[in-house]
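Given next are the chains, with one letter for each unit.
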Amino acid sequence: MSARKRISAEQRKENRKEVSFAVLKNVPSSPRKMRYVADMVRGMEVFKALGVLKFSNKEASSKIEKLLLSAIANWEQKNERKAETGELYIKTISVDEGATLKRLRPAPQGRGYRIRKRSNHVTIVVDTFKKEEQEQN
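Summary of the structure given here. Predicted model only: the values in this text are computed from it and were never measured. (Residues numbered from 1 in each chain as written. Predicted model: local features only at pLDDT ≥ 70, side-chain atom pairs only at ≥ 80, totals over all residues. Heavy atoms only, no water.)

A word on the packing of aromatic side chains
Applying the stated criterion to the full structure yields 1 aromatic pair. The interplanar angle of 20 degrees and the centroid separation of 4.8 Å between the aromatic rings of Tyr89 and Phe129 together place this pair among those described as stacked. With Tyr89 in strand E2 (residues 88-97) and Phe129 in the loop between strand E5 (120-128) and helix H5 (131-136), this residue pair connects regions lying 40 residues apart in the sequence. With a relative accessible area of 11%, Tyr89 lands in the buried category. (Phe/Tyr/Trp six-rings, centres within 6.5 Å; stacked < 30°, edge-to-face > 60°. Helix = DSSP H or I, 4+ residues; strand = E, 2+ residues; numbered from the N terminus. Buried < 20%, exposed > 50% of the residue type's maximum accessible area, 1.4 Å probe, protein only.)

Right, here's the structure in full:
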C-alpha cells in the first residue's frame, strides 16, 4: 500500500473512533422504500427522530428505529454516560443497495416473468452537537 493510501486509511480510522454508528445489512425491502423513511429523519435530533419513526405507518420505520436505538447505545457505551435530550443528532444516514435475488414467475405459453427481490444496507452515524452548530441554530 502506498504512503498516501495508508495515511488516508489511518485518517478514516481516526474519524470512525470519534463518532458512533450502527449498520444494518441485508434488509429484505427495496432501497427506494427505505430511503423514503431515511429522508424523514435525516439530520434530526435523535429523540425527535425516534418519535417520528414510532408513529410512522411505514414498515421500514420500525427497522430504522431499532437501528437508531442501537447507534444511541453504541454512543452511550463509547462515552460511558447516558445521552441527554438535545445532545445527539443523526449526522448521516445512508441506504445502499444490497444483493438482488432473481426469480421467475410462471407466465402463459411457457414464458416466465422476472421477479427481483431487492435488499439494502442501512448505516446511521450519530454525533453530538458542536458549539458552533448550536450557535448557528
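Thoughts on the pattern of salt bridges
On inspection of all chains with the given rule, the structure shows 5 salt bridges. Glu87 is paired through a salt bridge with Arg81; the nearest N and O atoms lie 2.5 Å apart. We note a salt bridge from Arg118 to Glu97, for which the minimum N-O separation is 3.5 Å. Highlighted residues: Arg118 in the loop between strand E4 (112-117) and E5 and Glu97 in strand E2, separated in sequence by 21 residues. On the basis of relative accessible area, Arg118 is assigned to the partly exposed category, the value being 31%. Taking the relative accessible area as the measure of exposure, Glu97 reaches 47% and is therefore partly exposed. (Salt bridge = Lys/Arg side-chain N within 4 Å of Asp/Glu carboxyl O.)

Regarding the environment of Leu24
Positionally, Leu24 belongs in strand E1 (residues 20-27). Each C-alpha atom, one on Leu24 and one on His121, is 5.7 Å from the other, the two residues being 97 residues apart in sequence. Setting aside chain neighbours within four positions, we find Leu24 in contact with Lys63, Leu67, Asn120, His121 and Val122. (Contact = heavy atoms within 4.5 Å.)

Observations regarding the nonpolar core
Ranked by size, the top nonpolar core spans 26 residues in total, and within it Ile64, Leu68, Ile90, Ile93 and Ile124 carry the most contacts. Broken down by secondary-structure element, the contributors of at least two residues to this core are E1, helix H2 (31-41), helix H3 (46-54), helix H4 (59-79), E2 and E5. The dominant element in this core, judged by the number of residues it contributes, is H4, at 7 residues. (Core = buried A, V, L, I, M, F, W, Y, C linked by side-chain atoms within 4.5 Å.)

Observations concerning the pairing of E5
Both faces of the sheet carry side chains from a regular strand, because those side chains alternate between them. Pairing geometry for E1 and E5, over 6 bridges, is antiparallel. By the bridge assignment for E5, Ala22 is matched with Ile124. (Pairing = 2+ DSSP bridges.)

Description of the packing of H3 against H4
Between H3 and H4, whose axes approach to 9 Å, the crossing angle comes to 155 degrees. When the axis of H3 is compared with that of H4, the two are roughly antiparallel. Viewed along their axes, H3 and H4 form a crossing whose handedness is left-handed. Here Val46, Ala49, Leu50, Leu53 and Lys54 of H3 come into contact with H4, specifically with Ser61, Ile64, Glu65, Leu68, Leu69 and Ile72. Considering only residue class, the contact of H3 with H4 consists of 8 nonpolar, 1 polar and 2 charged. (Axes fitted to C-alpha atoms, helices over the stretch in contact; angles between N-to-C directions. Parallel < 35°, antiparallel > 145°, perpendicular 65-115°, else oblique. Left-handed = near helix turned anticlockwise from the far one by under 90°. Nonpolar A, V, L, I, M, F, W, Y, C, P; charged D, E, K, R; others polar.)

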